[in-house]
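Notes for the structure review
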Protein chains: 2
Amino acid sequence: MRFFLPSLTLLFPGLAIAAAVPSPAEIVVQAPDSAWHDVSPERLLVMKMGDGGRVVIELAPEFAPVHVANVVRLARSHQWDRGAIIRVQDNYVVQWRVHDEAAPLPKGFVTQPAAEYERPLAGLDYMTLPYPDPYAAQSGIASGWLVGREGEEIWPAHCYGVVGVGREMPPDTGDGRELYVVNGEAPRQLDRNLAVVGRVLEGMEHLGALPRGTGPLGFYADPRQNVTIESVTLAADLPASLRPVMQVMRTDSPSFHDYLAARAARRDSFFVRPAKGVALCNMPVPAREKK
Amino acid sequence: MRFFLPSLTLLFPGLAIAAAVPSPAEIVVQAPDSAWHDVSPERLLVMKMGDGGRVVIELAPEFAPVHVANVVRLARSHQWDRGAIIRVQDNYVVQWRVHDEAAPLPKGFVTQPAAEYERPLAGLDYMTLPYPDPYAAQSGIASGWLVGREGEEIWPAHCYGVVGVGREMPPDTGDGRELYVVNGEAPRQLDRNLAVVGRVLEGMEHLGALPRGTGPLGFYADPRQNVTIESVTLAADLPASLRPVMQVMRTDSPSFHDYLAARAARRDSFFVRPAKGVALCNMPVPAREKK
């Protein structure tokens, strides 16, 4: 009589340790196509840097619809073209602006948006994460975004690569003509204090490696140090041949579940002691370009 | 009759909110000299980059004495001179090595150190932090270092700017001829898995802004991309005129207490909603060069 053995680890529990356990990166590479969804080109900004680098940003209209619409209007009226990175503060943010902040504003632009710093949970898929979070009563993933939660309100967390809207002192909320991206340890004290409009899906290395500014708050001390942005275009406005098809891992997929478990407790062979959890911002939702 | 008023807030409690509340950065700038202690030059490595940048690293013999002693021996025998940064993985680590890994080892060098990944709490000053930590049952500050704790064991947290020893697969622990520094969101899954030997006190911006490697794991695909390290010297071995006097804020000082409170709940005027806590790695212990 022969048995089909569903899992050797049922017979030899110790074997799971000895066998090759995939790392989070391996889980991502091995994930089937069904674990990914295409991001709509209406939600993607393609930023061409002056040196040829490409940065692709997924917009977050779920969280800051008015600010996001402003950013898209600026892209469609080419106000980001010949824009400039003006601030790089080490372990904090990279900040950039439109070409000319005195230029006429595009039709429909909202000059004083309300504070879109949080939103109701209702209307989004939400999954609670089981690890404690120093910044929020609860944290989780809402329709693919890493969020904090308090009661029925949620907000996007300021993780590495998250893009927000620069502003002056409150009650100003910023109008979208200056944006920033997190380039270091998650400055989650900014959560619920600024409008998050997106996240970098590709090309963060171009922004992360920029020279740090030597002026106060990391602004470039001399405007000649500013880094040129060649253009920012909504992917939907690009010809098909130039339009990147970006995919984000479905957070309801078995692959994402495995990825999360591996991020929270590394059991691949490099590790001698798995962690007991993982910080919200240390489990970036995997993204890739569809080939 | 005239009164000396020790504090307006005693008379008008609401005034404290309306008045200017200092930011963490302002608290650091305003801290009196008594809030700082000089770091011994026996604990400082001065790394000169090929482009002239200076990186100053405080060593952590409390946590990994054998690995630290190896690193110091390599410095004293000039094996770091004309060393190379060989790996820059975005949002993870920058890694460098001695000039020639086949060179004879200095006298006293330990080729296979034991795993110095954690240590007993006893013997260090320890202060518990009140915020939850996804990686450790408890977190705190031990003799000025940000640490996780479980029972009576503590270990340094892999925060931005923390320096550790690269290694092969276990049981190898690395011998100190390859080091790395965290350049993004704290990869705390590395805690208790690698030997931490120090932290960058000055010049992290030189390492953070390096071009990202395009090979697997962020290694430079072509060795010609390697970034040259001119020299690494123990500060105690430098002539007094070239020896930086670095200071670290005393974590038992009132200034540090105020800094921590401000990091955990920003009440300066830019913020509309203070956070309810702060992550261990988002409260770097302030450091400065003594002028």
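Note that the coordinates shown come from a computational prediction; the quantities given were computed from them, not determined experimentally. (Residues numbered from 1 in each chain as written. Chains lettered and ligands numbered in written order. Predicted model: local features only at pLDDT ≥ 70, side-chain atom pairs only at ≥ 80, totals over all residues. Heavy atoms only, no water.)

Some details on helix α4 (residues 65-76) of chain A
All names here are of chain A. Taking 1.5 Å per residue, 12 residues should reach 16 Å; α4 reaches 16 Å between its end C-alpha atoms and fits that length. Of all the residues in α4, the buried ones are His-67, Val-68, Asn-70, Val-71, Val-72, Leu-74 and Ala-75. Against β2 (44-49), β3 (54-59), β11 (162-165), β12 (178-182), β13 (196-202) and β14 (227-234) lie the buried residues of α4. One or two steps after α4, the chain reaches His-78, where phi turns positive at roughly 60°. (Helix = DSSP H or I, 4+ residues; strand = E, 2+ residues; numbered from the N terminus. Expected span 1.5 Å × (residues − 1). Buried < 20%, exposed > 50% of the residue type's maximum accessible area, 1.4 Å probe, protein only. Contact = heavy atoms within 4.5 Å.)

Quick look at the domain arrangement of chain A
Interface size is often expressed as the accessible area that is lost when the parts come together. All names here are of chain A. One can read the domain layout of chain A as domain 1 (11-39 + 248-285) and domain 2 (41-116 + 156-245). Using only C-alpha atoms to locate each centre, domain 1 and domain 2 end up separated by 31 Å. Facing six residues of domain 1, the contacting portion of domain 2 comprises 12 residues. Between domain 1 and domain 2 lies a buried interface of about 630 Å² when both sides are counted; carbon and sulfur atoms form 75% of it. At the junction of domain 1 with domain 2, the criterion picks out zero salt bridges. Here domain 1 is connected to domain 2 by zero residue pairs in polar contact (both at pLDDT 80 or more). Of the residues in the side of domain 1 that touches domain 2, the class split is five nonpolar, no polar and one charged. (Domains from an automatic or database assignment. Buried area = accessible area lost by both parts, 1.4 Å probe. Salt bridge = Lys/Arg side-chain N within 4 Å of Asp/Glu carboxyl O. Polar contact = N/O pair within 3.5 Å; in protein donor to acceptor, adjacent residues only side chain to side chain. Nonpolar A, V, L, I, M, F, W, Y, C, P; charged D, E, K, R; others polar.)

Looking at the sheet that holds β13 of chain A
All names here are of chain A. Ordered by their spatial adjacency, eight strands build a closed barrel running β2-β3-β13-β11-β12-β5-β4-β14, and the pairing between neighbours is antiparallel. Neighbouring strand axes in the sheet, compared pairwise and without regard to direction, differ in orientation by 35° on average. As judged from the five bridges shared by β2 and β14, these two strands associate in the antiparallel manner. Its bridge partner lying in β14, Val-46 is registered against Thr-233. α4 rests against β2, β3, β11, β12, β13 and β14 of the sheet, and its axis sits at about 105° to β14. (Pairing = 2+ DSSP bridges. Axes fitted to C-alpha atoms, helices over the stretch in contact; angles between N-to-C directions.)

Observations concerning the sheet that holds strand β15 (residues 246-249) of chain B
Residue and element names in this part refer to chain B. Reading across from one edge, β1-β15-β16 is the order of the three strands in this open sheet, with antiparallel pairing throughout. The open sheet is flanked by β1 (36-38) and β16 (287-289), the only strands paired with a single partner. Strand-to-strand, the axes of this sheet are offset by a mean angle of 30°, without reference to chain direction. Of the pairings in the sheet, the one linking β15 to β16 comprises three bridges and is antiparallel in character. The partner of Gln-247 across the bridge, within β16, is Arg-288.

A word on unusual backbone geometry
Between Pro-170 of chain A and the following residue, Pro-171 of chain A, the backbone shows a cis peptide bond with an omega angle of 15°. The topology assignment puts Pro-171 of chain A in the loop between β11 and β12. Positioned with a positive phi, His-78 of chain B is a non-glycine residue whose angle comes to about 60°. Assignment of secondary structure puts His-78 of chain B in the loop between α4 (65-76) and β4 (83-88). A positive phi angle, close to 70°, is found at Arg-192 of chain B, a residue other than glycine. Here Arg-192 of chain B lies in the loop between β12 (178-182) and β13 (196-202). In this structure Arg-192 of chain B comes out as buried when scored by relative accessible area, which is 10%.

Some thoughts on the packing of aromatic side chains
Residue and element names in this part refer to chain A. Evaluation of the coordinates by the stated rule reveals six aromatic pairs over all chains. Taking 5.6 Å as the distance between ring centres and 40° as the angle between the ring planes, the aromatic pair formed by Phe-256 and Tyr-259 counts as tilted. Residue Phe-256 and its partner Tyr-259 are both found in helix α6 (residues 254-264); the two are separated by three residues, about one turn of the helix. Accessibility classification places Phe-256 together with Tyr-259 in one group, the buried group. Relative to Phe-271, the ring of Phe-270 has its centre 5.7 Å away and its plane inclined at 75°; by these criteria the two rings are edge-to-face. Look at Phe-270 and you get partly exposed, because its relative accessible area is 22%. (Phe/Tyr/Trp six-rings, centres within 6.5 Å; stacked < 30°, edge-to-face > 60°.)

Things to note about the interface of chain B and chain A
Each partner contributes to the interface: chain B provides 46 residues, whereas chain A provides 46 residues. Here chain B meets chain A over a buried area of about 4100 Å², counting both sides, of which 54% is carbon and sulfur. Taken as a group, Glu-185, Phe-270 and Arg-273 of chain B account for 18% of the area that chain B buries against chain A, more than any other trio of residues on that side. Linking chain B with chain A are four salt bridges. Salt-bridge contacts for Arg-273 of chain B lead to Glu-118 of chain A; the nearest nitrogen and oxygen are separated by 2.8 Å. Taken together, chain B and chain A are joined by 24 residue pairs in polar contact (both at pLDDT 80 or more). Broken down by class, the residue content of the side of chain B that touches chain A amounts to 23 nonpolar, eight polar and 15 charged.

What to know about the side chain of Asp-175 of chain B
Residue and element names in this part refer to chain B. Tracing the backbone through its elements, the reader meets Asp-175 in the loop between β11 (162-165) and β12. The exposure class of Asp-175 is buried, given its relative accessible area of 12%. Polar side-chain contacts of Asp-175 include one of 2.9 Å to the side chain of Arg-177. Beyond its immediate chain neighbours, meaning those up to four positions away, Asp-175 contacts Asn-70, Phe-109, Val-110, Thr-111, Pro-113 and Val-165.

What about the UniProt feature "domain: PPIase cyclophilin-type" (unreviewed entry) in chain A?
Residues given the UniProt feature "domain: PPIase cyclophilin-type" (unreviewed entry) here are residues 53-234 of chain A. With 9% helix and 34% strand, the stretch residues 53-234 of chain A has end C-alpha atoms that lie 16 Å from each other. (UniProt positions renumbered as here; feature names shortened; annotations may be inferred.)

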